[in-house]
Amino acid sequence: MTHAPVLSPGARGGILALLAVAMLATRLHHFAAVPDASWAVFFIAGFYLRGWGRWAFPMLMALAVAIDYAVITGQGIAFWSHYCMSTAYLFLLPAYAAPWLGGSWLRKHYEGPGLRELGMLAGSSVLAASLCFLVSNGSFYWISANVPARSFGGWFENMGDWYLSYLGTTLVYVGVAAVLHVATAFAARALAGVASDARTARF
């Protein structure tokens, strides 16, 4: 099996910075015209930063919490008094671990742009986003005091109201990242070919 080349620390650091900026820019305005990219950020980070999980994942989690804190307190509301805040908020840790692990799994089996990888990308991103939604939505519905009357029927209805929106948003961002990844890979390959031809021409 031929694995993709390991990125340099500098390249990984640059990607981490870009992902942090993307989450900062979109999570600050969660319901604005540009939707929150957080789930996609964790998936993409899992792909590019595989092996850096011990500190990169906590860093992105801390950034997500810091953004939420800034947004909520900026509205003059105590953090834990906000409608979305409850013990269920702690479940964002395993929820966001799902897309990270999905991206990490994809990277482990990635061999370069191809139909096989496209299929794995589709499957892993849908599964990761679905698990993330299940944990985050389910924990809020069943634990938060803001849901007074709970039932499985009510939960399924609630999931139906939000699932496709969150899944679609994640897949759009992941799709854009995939297009950029493939374009960059082919450009690098073309440049390498030109450099090789130039070296051959000298001799």
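Residues numbered from 1 in each chain as written. Predicted model: local features only at pLDDT ≥ 70, side-chain atom pairs only at ≥ 80, totals over all residues. Heavy atoms only, no water.

Between its terminal C-alpha atoms helix H4 (residues 92–109) stretches 26 Å, which fits the 26 Å expected from 18 residues at 1.5 Å a residue. Within H4, burial applies to Leu 92, Ala 95, Tyr 96, Ala 98, Pro 99, Trp 100, Gly 102, Gly 103, Ser 104, Leu 106 and Arg 107. (Helix = DSSP H or I, 4+ residues; strand = E, 2+ residues; numbered from the N terminus. Expected span 1.5 Å × (residues − 1). Buried < 20%, exposed > 50% of the residue type's maximum accessible area, 1.4 Å probe, protein only.)

This part is about the nonpolar core. Counting residues in hydrophobic clusters, the biggest one holds 46 residues, and the most contacted among them are Met 23, Phe 42, Leu 49, Leu 60, Tyr 96 and Trp 100. Taken together, the elements giving at least two residues each to this core come down to helix H1 (9–27), helix H2 (38–48), helix H3 (53–74), H4, helix H5 (115–143) and helix H6 (152–202). At nine residues, H2 tops the list of elements feeding residues into this core. (Core = buried A, V, L, I, M, F, W, Y, C linked by side-chain atoms within 4.5 Å.)

This part takes up the confidence of the model for the protein chain. Chain-level pLDDT for the protein chain is 87 on average; 88% of the residues reach the 70-or-more range. Averaged pLDDT values for the elements of the protein chain fall to 81 in H6 and rise to 97 in H2. (pLDDT = per-residue confidence, 0-100.)

We now examine the packing of H2 against H3. Running from N to C, H2 and H3 cross one another at 165°; their axes reach a closest spacing of 11 Å. In terms of their interaxial angle, H2 and H3 are classed as roughly antiparallel. Judged by the sense of rotation from one axis to the other, the crossing of H2 with H3 is right-handed. Packed against H2, whose contacting residues are Val 41, Phe 42 and Ala 45, the element H3 presents Phe 57, Leu 60 and Met 61 at the interface. In terms of residue class, the contact of H2 with H3 is made up of six nonpolar, no polar and no charged. (Axes fitted to C-alpha atoms, helices over the stretch in contact; angles between N-to-C directions. Parallel < 35°, antiparallel > 145°, perpendicular 65-115°, else oblique. Left-handed = near helix turned anticlockwise from the far one by under 90°. Contact = heavy atoms within 4.5 Å. Nonpolar A, V, L, I, M, F, W, Y, C, P; charged D, E, K, R; others polar.)

Moving on, we come to the packing of aromatic side chains. The tally for this structure, following the rule as stated, stands at 22 aromatic pairs. A ring pair is formed by Phe 133 and Tyr 163, whose centres lie 5.4 Å apart and whose planes are at 65°; its orientation type is edge-to-face. Remark: Tyr 163 occurs in helix H6 and Phe 133 occurs in helix H5; sequence separation between them is 30 residues. Residue class for Tyr 163 comes out partly exposed when judged on its relative accessible area of 26%. (Phe/Tyr/Trp six-rings, centres within 6.5 Å; stacked < 30°, edge-to-face > 60°.)

Where charged atoms from two side chains of opposite charge approach closely, those side chains can pair. For the structure shown, the criterion picks out four salt bridges. Where Arg 116 meets Glu 111, a salt bridge forms, and the shortest distance between an N and an O atom there is 3.8 Å. The class of Glu 111 is partly exposed, set by a relative accessible area of 36%. Taking the shortest distance from any N to any O, the salt bridge between Arg 116 and Glu 117 comes out at 2.6 Å. On the basis of relative accessible area, Glu 117 is assigned to the buried category, the value being 9%. (Salt bridge = Lys/Arg side-chain N within 4 Å of Asp/Glu carboxyl O.)

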